[in-house]
Amino acid sequence: MADQDVRELTSDDPPVKARGLEGVVALESSLSFIDGQKGELIYRGYDIHDLAEGASFEEVVYLLANGSLPTEDELAGLRQELRSERTLPDPVLDLLRNAPDDAHPMAVLRTAVSALGLYDDEADVMEEAANRRKAVRILAQIPTIIASFDRIRKGLDPVAPLDEGTMAHNFLYMLNGEEPGEAAERIFDVCLVLHADHGLNASTFTSRVIGSTLSDMYSAIPGAIGALKGPLHGGANREVMRMLLEIDEQGADPAEYVKERLAQGERVMGFGHRVYKTMDPRAAILRDLVKELSEEAGEMKWYEYSMAILDTMRDEKGIDPNVDFFSASTYYQLGLDPDLFTPIFALSRTAGWTSHLLEQWADNRLIRPRAQYVGDRNRSFVPLQER
Ligand code: SDX
């Protein structure tokens, strides 16, 4: 039905809106599927448990962008492309040097990715091949942006990426200035796999709305980063760690702490989800990872606090954790700074955002929903001098 066949709705009509577009199916996609009742997530037909267990993040990048898991040669080709694109244009590195040390890392990431577009000759070329090259370029450079800004704000020199190694290996190397241990690299790689795509979440939808106007990838990805920054979305993992640290500093009982927050009518970050009505399968995988890390480190408190909070939220509100809840303690146990948790989420989700843009452009239609007008009507105009 074309839009012109549907008259504009007003306050004379019964309310039709779905608040926050809840339950609205906006488009078709082949990238990922979520069954919120069963707690199931698949990427291009593969269950998230199989991918977390057996695939590297680069394999998932290839799967989302191309629709199939790569062969050895295809994977080697993607890894070579990513390696060749990791270095930042000098003016973007200068932008990171000039950013305030206390700037929000997601604001720095949003700004730097936007700046990358100024130095990419293909920024406004909308051919598929150019967009695929830009997708690899942006994905390769985001880890360098995050790691370089973190070191600069700490008064350290940025560390150049290695010529070999996976994205997970190189990110931790550029961040810490030393190569990660095998366990840390594997667990971080699984985290990247788990965050890569997730249907039409707010930041992915944002990227597709921007892409649907035929604007460019350097406009759509900063827009998605801006959406992910919010505490109701990707920013929740930072807030979860803030809560765990506050519990620890206060020597509070986690269950009592959460009950007090709920009694104040507050949201407990890391819980609830628009689609999942049972445990987010990613949260279950991360729960096991943080237990493994905690046992290896001999530091169980973050895991124990988290499990006490989980039990309390289930008992008090019947609400399960989402991906942000256990990713917080997992990243913390890996030695990552809490304000880097959301940029790391963005690093991984860039695989999803760019693949959704390629899918949008393959069969594009401008995304333009309707609003029900509930404002004033038929008002008589009074000229300024008479008001
Ligand atoms: C991500 O969409 C995606 O796929 C996102 C994501 C992805 O991979 O891209 O999965 C990643 O963003 C996960 C979500 C991270 N956000 C948080 O953890 C923030 C805390 N969560 C809530 O704000 C909330 O659960 C949302 C925003 C995630 C979902 O909100 P909805 O679907 O709009 O649900 P709602 O706000 O209408 O809440 C329904 C009820 C309410 O109770 P009543 O007021 O009706 O009595 O559940 C309660 C809410 O109060 N509730 C919570 C709660 N979440 C929902 N109560 C306390 N703490 C919470 N966290």
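Model, not experiment: these values are computed from the prediction.

## Some thoughts on the pairing of strand 2 (residues 40–43)
As paired strands, strand 1 (residues 32–35) and strand 2 are joined by four bridges and run antiparallel to one another. When the sheet's bridge partners are listed, Asp 35 is paired in strand 2 with Glu 40. Counted between consecutive antiparallel strands, the loop separating strand 1 from strand 2 contains four residues, among which Gly 39 sits at a positive phi close to 70°.

## Looking at helix 10 (residues 217–228)
Helical geometry note: an α-helix holds 3.6 residues per turn, so side chains three or four residues apart project in the same direction. Taking 1.5 Å per residue as the helical rise, helix 10 with its twelve residues ought to reach 16 Å, and the 16 Å between its terminal C-alpha atoms agrees with that figure. Within helix 10, the full set of buried residues consists of Met 217, Tyr 218, Ala 220, Ile 221, Pro 222, Ala 224, Ile 225 and Leu 228. N-capping of helix 10 is provided by Asp 216, with a side-chain oxygen placed 3.0 Å from the backbone N of Tyr 218.

## So, the sheet that holds strand 2
Strand order in the open sheet formed by three strands is 1-2-3, and the pairing between neighbours is antiparallel. Looking at which strands have only one partner, the edges of the open sheet turn out to be strand 1 and strand 3 (46–47).

## A short note on the packing of aromatic side chains
Tallying each qualifying case throughout the model produces seven aromatic pairs. Judged by centre distance (4.9 Å) and plane angle (75°), the rings of Phe 325 and Phe 326 are edge-to-face. When its relative accessible area of 0% is taken as the criterion, Phe 325 is described as buried. Connected via pairs of aromatic rings, a cluster forms that spans Phe 171, Phe 188, Tyr 331 and Phe 341. If you follow Arg 261 out to its NZ or CZ, it ends over the ring of Tyr 257, 4.6 Å from the centre.

## Things to note about the side chain of Arg 208
Locating Arg 208 in the fold gives a position in helix 9 (residues 202–212). At 2.7 Å, the side chain of Arg 208 and the side chain of Glu 359 are in polar contact. Leave out the neighbours within four places in its chain, and Arg 208 touches Leu 27, Glu 28, Ser 29, Leu 200, His 356, Glu 359, Gln 360 and Ile 367.

## A word on the site of the ligand
As a matter of local geometry, the ligand sits amid 23 residues, with His 198, Val 268, His 273, Arg 274 and Arg 282 nearest to it. Taking His 233, its side chain carries an N or O atom lying 2.8 Å from an oxygen atom of the ligand. The backbone of Phe 271 places a nitrogen or oxygen atom 2.8 Å from a nitrogen atom of the ligand. Taking 1,000 Å² as the accessible area of the ligand by itself, protein coverage stands at 72%. Of all the secondary-structure elements, those providing two or more residues to the shell around the ligand are helix 14 (301–317) and helix 16 (341–362). Counting contributing residues, the shell around the ligand receives three or more from each of domain 1 (41–181 + 197–230 + 341–362) and domain 2 (236–333).

What counts as what
- Residues numbered from 1 in each chain as written.
- Predicted model: local features only at pLDDT ≥ 70, side-chain atom pairs only at ≥ 80, totals over all residues.
- Heavy atoms only, no water.
- Pairing = 2+ DSSP bridges.
- Helix = DSSP H or I, 4+ residues; strand = E, 2+ residues; numbered from the N terminus.
- Expected span 1.5 Å × (residues − 1).
- Buried < 20%, exposed > 50% of the residue type's maximum accessible area, 1.4 Å probe, protein only.
- Polar contact = N/O pair within 3.5 Å; in protein donor to acceptor, adjacent residues only side chain to side chain.
- Phe/Tyr/Trp six-rings, centres within 6.5 Å; stacked < 30°, edge-to-face > 60°.
- Lys NZ or Arg CZ within 6 Å of the ring centre and 35° of its normal.
- Contact = heavy atoms within 4.5 Å.
- Near = heavy atom within 4 Å.
- Areas by Shrake-Rupley, 256 points an atom, 1.4 Å probe, with all protein chains shown as cover.
- Domains from an automatic or database assignment.

What is shown is where atoms sit, not what they do.
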